[in-house]
Amino acid sequence: MSEFKSGFAVILGRPNAGKSTLLNTLLKQKVSIISNVPQTTRYVIRGVLNLNQAQIVFVDTPGIHLFKGKLFSNLNELTFKSLKDIELVLYLVDVSRPPFKEEELIMNNLVKKKIPVIMALNKIDISKKYIGNYIEMWKEKTKGKLLPLKYFIPISALRGDNLDKLLDLMVELLPQGLPYYDKENITDFPLSYRVADIIREEICLFLKEEIPHNTAVLVEEINEEENIVKILANILVSKSSQKKIIIGQKGSVIKKIGTSARKDLELLFSKKVFLELWVKVEKDWQNKPRVLKELGYLNP
Ligand SMILES: Nc1nc2c(ncn2[C@@H]2O[C@H](COP(=O)(O)OP(=O)(O)OP(=O)(O)O)[C@@H](O)[C@H]2O)c(=O)[nH]1
Ligand SMILES: [Mg+2]
């Protein structure tokens, strides 16, 4: 009988590459929120996959980007810090788009580490157009250190194409070891942040880019009673004009956000949810360490 294997695998890539989608597809559960707004993920989120002979702890990270500002530079830092004490990197690229400058930043960081990197070439269900560009760029960065071809895997995180192949390779590369987490624990992502993110996902879905980028959600209370969970949360924005947009005419927008979020929250808690949402203007919250800390966006 072969030995059990275990380890941490960080999913890294630029915003919108499909990192959170991949995590959720692999875990068959919505652990991390998804949207087509760049910088959807603002936390480092762990999700555990238990296989017959292995346990893989996936680490979803905020997309590496070139935006300015304290929140954003902090997110890059969070992501690169997650590369410590891990066994594997799953470098996700979106092959339906050409490589952008972020790729340079990611690759420069990765070549310095001595961890195996698998390049997952994502979104092949849309197009395979730029597969060659990414492989060439990575080969150039690694200075001809010939990487086995099997380290480049075309996938579709959304449809699930080739994920079995990806998992086989990951297990092969993991060291022998015992499981890190109990089988029951799919994630150790704190509940209040998970709830905040479910609300933020709806904001990303219903509103345009300026709003999601300038919005954060702070959960003030979660009271779990026998038949109902009562949740109080504040939506933070940086300007009063944004507050107006989120509330909408006669509260129409915030009502939609609340109704959709409540449905997802009821799935999470398997109970009825009463959700109270308030919109608060917190000027320049993205640059206030106190607020970032409360939101859990600051480096521990
Ligand atoms: N067609 C297609 N779309 C995908 C695939 N994977 C992800 N997407 C879409 O790409 C968008 C971004 O997906 P996310 O999973 O939020 O991307 P991310 O890399 O986590 O993004 P950030 O959290 O912003 O860094 C969403 O609209 C997804 O539905 C895929 O394999 N095929
Ligand atoms: Mg994400």
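**As for the coordination of the magnesium ion (ligand 2)**
Okay, step 1: Distances from the magnesium ion (ligand 2) to its protein donors, namely Ser20 (OG) and Thr41 (OG1), fall within the range 1.9 to 2.1 Å. In this pair, Ser20 sits in helix 1 (residues 19-27) while Thr41 sits in the loop between helix 1 and strand 2 (45-50), placing the two residues 21 residues apart along the sequence.

**Quick look at the nonpolar core**
Soluble globular proteins: nonpolar side chains tend toward being buried together.
Okay, step 1: With 41 residues, the main nonpolar core has Leu22, Phe58, Leu90, Ile118, Met170, Trp285 and Tyr297 as its most contacted residues.
Okay, step 2: In terms of residues, this core owes the most to one element, helix 5 (residues 163-173), which gives five residues.
Okay, step 3: Of the residues that make up this core, three or more belong to each of domain 1 (5-173) and domain 2 (191-295).
Okay, step 4: Not counting chain neighbours up to four residues away, the residues in contact with Leu90 comprise Val10, Ile11, Leu12, Leu22, Phe58, Ile118, Leu166 and Met170.
Okay, step 5: With 29 residues, the next largest nonpolar core counts Val59, Met107, Leu121 and Trp138 among its residues.

**Some remarks on the site of ligand 1**
Okay, step 1: Taken together, 24 residues lie near ligand 1, and Lys19, Thr21, Gln39, Thr41 and Asp125 sit nearest.
Okay, step 2: Here an oxygen atom of ligand 1 sits 2.7 Å away from a polar atom, N or O, in the side chain of Lys19.
Okay, step 3: The contact in question runs from an oxygen atom of ligand 1 to an N or O atom on the side chain of Asn122, over 3.1 Å.
Okay, step 4: If ligand 1 stood free it would expose 650 Å²; the protein chains cover 90% of that surface.
Okay, step 5: The element best represented in the shell around ligand 1 is helix 1, accounting for three residues.

**Describing the pairing of strand 7 (residues 216-224)**
Okay, step 1: Bridge count between strand 7 and strand 8 (residues 228-237): eight bridges; the pairing is antiparallel. Counterpart to Asn223 in the pairing with strand 8 is Lys230.
Okay, step 2: With antiparallel pairing between neighbouring strands as the criterion, strand 7 and strand 8 make up a hairpin whose turn holds three residues.

**Digging into the sheet that holds strand 7**
Okay, step 1: Spatial strand order, 7-8-9: three strands in an open sheet with mixed pairing. Looking at which strands have only one partner, the edges of the open sheet turn out to be strand 7 and strand 9 (272-281). On average, each strand axis in the sheet is tilted by 15 degrees relative to the strand beside it, whichever way the strands run.
Okay, step 2: Docked against the sheet, helix 8 (residues 240-247) engages strand 8 and strand 9, running at close to 155 degrees with respect to strand 9.
Okay, step 3: Sheet strands touched by helix 9 (residues 252-269): strand 7, strand 8 and strand 9. Its angle to strand 9, the strand with the most contacts, is close to 135 degrees.

**Description of the layout of surface pockets**
Okay, step 1: Reported here for the second largest pocket is a volume of approximately 330 Å³.
Okay, step 2: Taken together, 24 residues make up the lining of the second largest pocket; nearest its centre are Asn16, Gly18, Thr21, Ile34 and Lys123.
Okay, step 3: Ranked by residue count, the leading element in the lining of the second largest pocket is helix 1, at three residues.
Okay, step 4: In the lining of the second largest pocket, the residues fall into eight nonpolar, 13 polar and three charged.

**With respect to the domain arrangement of the protein**
Okay, step 1: Examined at the domain level, the protein breaks down into domain 1 (5-173) and domain 2 (191-295).
Okay, step 2: Summed over both sides, the interface of domain 1 with domain 2 buries roughly 1,600 Å², with 56% coming from carbon and sulfur.
Okay, step 3: Interface area lost by domain 1 to domain 2 is led by Ile33, Arg42 and Tyr43, which between them contribute 37%.
Okay, step 4: For Lys30, the salt bridge goes to Asp264, with nearest N and O atoms at 2.9 Å.
Okay, step 5: For the pair domain 1 and domain 2, the number of links is eleven residue pairs in polar contact (both at pLDDT 80 or more).
Okay, step 6: Broken down by element, the residue count for the side of domain 1 that touches domain 2 peaks at three residues, all from helix 2 (residues 70-81).

**What to know about helix 6 (residues 191-206)**
Okay, step 1: With 16 residues, helix 6 extends 23 Å from end C-alpha to end C-alpha; this agrees with the ideal 22 Å at 1.5 Å per step.
Okay, step 2: Considered for burial, the residues of helix 6 that qualify are Arg194, Val195, Ala196, Asp197, Ile198, Ile199, Arg200, Glu201, Glu202, Ile203 and Cys204.
Okay, step 3: On its buried face, helix 6 sits against strand 2, helix 7 (210-213), strand 7, strand 8, helix 9 and strand 9.

Definitions and limits used
All residue numbers here refer to positions counted from 1 along the written sequence of the relevant chain. Each chain is given a letter, starting from A, and each ligand a number, starting from 1, according to the order in which they appear as written. Local features in a predicted model are, by the rule used here, given only for residues with pLDDT of at least 70; side-chain atom pairs are given and counted only at 80 or more, and totals for whole chains, interfaces and linings are based on all residues. Excluded from the side-chain calculations are hydrogens and water; all other atoms, namely the structure's heavy atoms, are used. Coordinating donors are taken to be N, O and S atoms lying within 2.8 Å of the metal, or within 3.2 Å when the metal is Na, K or Ca; because water is excluded from the atom set, some sites may appear incomplete. Secondary structure elements follow DSSP: runs of H or I of four or more residues count as helices, runs of E of two or more count as strands, with numbering from the N terminus. We define a nonpolar core as any set of buried Ala, Val, Leu, Ile, Met, Phe, Trp, Tyr and Cys residues linked to one another through side-chain atoms lying within 4.5 Å. Think of it in three bands: with a 1.4 Å probe and only protein chains considered, a residue is buried below 20% of the maximum accessible area for its type, exposed above 50%, and partly exposed in between. Domain delimitation follows an automatic or database domain assignment. Here a residue-residue contact requires only that any non-hydrogen atoms of the pair lie within 4.5 Å. Working definition: residue near molecule or strand if any one of its non-hydrogen atoms lies within 4 Å of it. Any pair of N or O atoms that falls within 3.5 Å is considered a polar contact. Within protein, one atom must be able to donate a hydrogen and the other to accept it, and sequence-neighbouring residues count only if both atoms are side-chain atoms. With residues, only the protein chains shown are counted as cover, and all accessible areas are computed by Shrake-Rupley using a 1.4 Å probe. Pairing between strands is defined by DSSP: at least two bridges between them are needed. The convention used is that axes are lines fitted to C-alpha atoms, helices contributing only their stretch in contact, and that angles between N-to-C directions extend from 0 to 180 degrees. Residues are said to line a cavity or pocket when one of their atoms sits within 4 Å of a point; the points come from a 1 Å grid over protein atoms alone, cavities being sets where a 1.4 Å probe fits but cannot get out and pockets being open sets with protein on both sides within 12 Å along at least five of seven lines. Grid points are joined across faces, edges and corners, and a volume is the space filled by probe spheres set on the points. Note on residue classes: Ala, Val, Leu, Ile, Met, Phe, Trp, Tyr, Cys and Pro are nonpolar, Asp, Glu, Lys and Arg are charged, and everything else, Gly too, is polar. Two parts lose some accessible area (1.4 Å probe) when they are put together, and adding that loss for both gives the buried area. What makes a salt bridge here is a side-chain nitrogen of Lys or Arg within 4 Å of a carboxyl oxygen of Asp or Glu, nothing more. A helix is expected to span 1.5 Å multiplied by its residue count minus one.

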